[in-house]
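Overview (structure and organization)
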Amino acid sequence: MPELSKKRERERLKVQRDPHYTKLEPGAYLGFRRGPDTWHARFRDRKHIQHYKALDGIASDDYDGAASAARDWFAQMGATGVRSVKRDTVRAALQSYLDDLRRHGRADAATDAEGRFKLTVYKDPIAELGLEQAAKEDFLEWRDRLVEGRQPRSVNRQVRSVVAGLNRAAELGHVGNPSVWRLKPLSGDGDDDSETAVFLNPEQRKTLIAAATPFAALFLRGLDLTGARPKELAAATVAHFDGKRLRLSHRKGKPPKPRTRYVVLNAEGIAFFEAATADKLPGAQLFTEDGSQPWRRHIWAYEVREAVKAHNEKAKGRARLPLGLGAYAFRHARISELLQIHGVDPLTVAAQTGTSLAMIEKAYFKFIPSAMQDKLANLKEKA
């Protein structure tokens, strides 16, 4: 069956007399007729008689409106197996899922899921958002907020739990579009997740920066020249640049403690940061979202996604940028090129980028020259 919730898929449908249908519930279907681009509903009653209805007044690009109108009609007909329609919040939908688990004797699974929801959803603004009104961007921004202090794999696990809950809630009659909350897993966007890390070559980074909005382009260029964590650079002020080096800070360890380092800049980097600090007070942010607001994680994540989208709409084949990449890709690229292309020793790279030799070896081993690999292996054996 076609995925009618996606405009691109609807445009690919064959023009024919009968609508193309997708199942909303057992025996209940939503249809789209290509050509006039109109919405239709169909259901089979208990006597196995098919009933049809044209959903007049629904715009051709309004899948959610069409699905809602179809469900309303199913409920009015009464003779179907369609569950009652429930228009509720994300929190209520997830609670319905938990109740269903317990009703089926899965109390342990419900307790585990409830703990996840309390940690990741119930304290977040998305909890009170109407499931029917929620957009893909709402769930992407929610996930961006989860990234704070968590590794991508951990975030992906939490997201999968919520998606499973909302999928079941939709089956139980909660109105919503499953394609909205089904998110592609995050790529490795942290130091300890090298297996899925996205590495951008110089041309790709240049392309991404060119496709970004002006303020985002400056921020990404700063990441490109320093290999900083996005959060570090977002917190940097004019006073942190001394004319040759940039002072950056991050928290590490358990409990996390602040750690400061100085990133040595090349001539190109010095010129860039001189321009970035010109005519600004010492306490001013180096980079902002709009000229005043300091960068926030969900905003830079959104800007990167939009830049990738803008570029890929025009690019083809290998010229397209990989989906799922984040601002952290600039850090991955900087570290790998310092090791592989510029031949900087891992100890210096670790000091410059605020990571450890163990992490360098774990995440970037293939970029370390073979002679240095042997030395690191020898050190490990002696230890």
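See the structure above.
Note that the coordinates shown come from a computational prediction; the quantities given were computed from them, not determined experimentally.

So, the packing of aromatic side chains
- Per the counting criterion, the structure on display carries 16 aromatic pairs.
- Arranged with centres 6.2 Å apart and planes meeting at 50°, the rings of Tyr 97 and Phe 117 form a pair that is tilted. Highlighted residues: Tyr 97 in helix α3 (residues 90–103) and Phe 117 in helix α4 (residues 107–120), separated in sequence by 20 residues. Each of the two residues, Tyr 97 as well as Phe 117, counts as buried.
- Between Phe 272 and Phe 287 the ring centres are 6.0 Å apart and the planes differ by 20°, which places this aromatic pair in the stacked class. Here Phe 272, found in helix α11 (residues 267–277), pairs with Phe 287, found in the loop between α11 and α12 (297–312); they are 15 residues apart in sequence, far enough to count as distant.

Topic: the side chain of Ser 68
- Examined against the element boundaries, Ser 68 turns out to sit in helix α2 (residues 63–77).
- When its relative accessible area of 10% is taken as the criterion, Ser 68 is described as buried.

Quick word on the sheet that holds strand β1 (residues 20–25)
- Taken together, the 4 strands give an open sheet; going across it, the order is β1-β2-β3-β4, and neighbouring strands pair in antiparallel fashion. If you trace the sheet from one side to the other, it starts and ends with β1 and β4 (50–54), each paired once. When the angles between neighbouring strand axes are averaged without regard to direction, this sheet yields 25°.
- Here strand β2 (residues 28–33) runs beside strand β3 (residues 38–44); their pairing, made up of 6 bridges, is antiparallel. Bridging from a neighbouring strand, Arg 33 pairs with Thr 38 of β3.

Some remarks on the pairing of β3
- With 5 of 7 residues buried, β3 lies mostly within the body of the structure.
- Across 5 bridges, the pairing between β3 and β4 is antiparallel. Note that in β4 the partner of Phe 43 across the bridge is His 51.
- In this structure, the hairpin formed by β3 and β4 is closed by a connection of 5 residues, where His 48 is found at a positive phi of approximately 65°.

Brief notes about the side chain of Asp 224
- Within the fold, Asp 224 resides in helix α9 (residues 214–226).
- A distance of 2.7 Å separates polar atoms of two side chains, one belonging to Asp 224 and the other to Arg 221.
- Once you skip the residues sitting within four places of it in the chain, Asp 224 turns out to touch Arg 205, Ile 209, Phe 330 and Arg 334.

Structural notes on the pattern of salt bridges
- The tally for this structure, following the rule as stated, stands at 19 salt bridges.
- Note that Arg 12 is salt-bridged to Glu 9, the shortest N-O span being 3.5 Å.
- Across the pair Arg 103 and Asp 100 runs a salt bridge, and its minimum N-O distance is 2.9 Å. Here Arg 103 pairs with Asp 100, and both are found in helix α3, just 3 residues apart, close to one helical turn.

Description of the environment of Ala 66
- The topology assignment puts Ala 66 in helix α2.
- Separated by 28 residues in the primary sequence, Ala 66 and Thr 38 have C-alpha atoms spaced 9.5 Å apart.
- Setting aside chain neighbours within four positions, we find Ala 66 in contact with Leu 30, Trp 39, Leu 55 and Ile 58.

Considering the pairing of β1
- Burial analysis of β1 places 5 of its 6 residues in the buried class, which makes it a mostly covered element.
- Where β1 meets β2, 5 bridges bridge the pair, whose relative direction is antiparallel. By the bridge assignment for β2, Tyr 21 is matched with Gly 31.
- In this antiparallel pair of consecutive strands, β1 and β2, the connection spans 2 residues, and Gly 27 shows a positive phi of 80°.

Looking at a positive patch on the surface
- Positive charge collects at one region of the surface, where Lys 6, Arg 8, Lys 136, Arg 182, Lys 184 and Arg 320 lie side by side.
- Tracing the chain through its elements places Lys 6 in the segment before α1 (7–11).
- For Lys 6, a relative accessible area of 45% puts it in the partly exposed group.

Focus on α4
- The terminal C-alpha atoms of α4 lie 20 Å apart, and with 14 residues this matches the ideal 20 Å at 1.5 Å per residue to within 8%.
- Taken residue by residue, α4 has Ala 110, Ala 113, Glu 114, Phe 117 and Thr 120 as its buried positions. Along the axis of α4, the buried positions cluster into a sector of 145°, meaning they face one direction only. Of the residues in α4, the exposed ones pointing more than 90 degrees away from the buried face are Asp 108 and Leu 119.

Overview of the packing of α4 against helix α6 (residues 152–171)
- Where α4 contacts α6, the axes come no closer than 10 Å and their chain directions differ by 115°. It follows that α4 is roughly perpendicular to α6 by the angle criterion. By crossing handedness, the relation of α4 to α6 is classed as left-handed. The residues of α6 that touch α4, namely those facing Ala 113, Arg 116, Phe 117, Leu 119 and Thr 120, are Arg 157, Gln 158, Ser 161 and Val 162.
- Of the residues assigned to the contact of α4 with α6, the class counts are 4 nonpolar, 3 polar and 2 charged.

The rules we used
- Residues numbered from 1 in each chain as written.
- Predicted model: local features only at pLDDT ≥ 70, side-chain atom pairs only at ≥ 80, totals over all residues.
- Heavy atoms only, no water.
- Phe/Tyr/Trp six-rings, centres within 6.5 Å; stacked < 30°, edge-to-face > 60°.
- Helix = DSSP H or I, 4+ residues; strand = E, 2+ residues; numbered from the N terminus.
- Buried < 20%, exposed > 50% of the residue type's maximum accessible area, 1.4 Å probe, protein only.
- Pairing = 2+ DSSP bridges.
- Axes fitted to C-alpha atoms, helices over the stretch in contact; angles between N-to-C directions.
- Polar contact = N/O pair within 3.5 Å; in protein donor to acceptor, adjacent residues only side chain to side chain.
- Contact = heavy atoms within 4.5 Å.
- Salt bridge = Lys/Arg side-chain N within 4 Å of Asp/Glu carboxyl O.
- Patch = residues over 30% accessible without salt bridge, like charges linked within 9 Å, V, L, I, M, F, W, Y side chains within 5 Å.
- Areas by Shrake-Rupley, 256 points an atom, 1.4 Å probe, with all protein chains shown as cover.
- Lys, Arg positive; Asp, Glu negative; His and termini not counted.
- Charge placed at Lys NZ, Arg CZ, Asp CG, Glu CD.
- Expected span 1.5 Å × (residues − 1).
- Arc of directions from axis to C-beta.
- Parallel < 35°, antiparallel > 145°, perpendicular 65-115°, else oblique.
- Left-handed = near helix turned anticlockwise from the far one by under 90°.
- Nonpolar A, V, L, I, M, F, W, Y, C, P; charged D, E, K, R; others polar.

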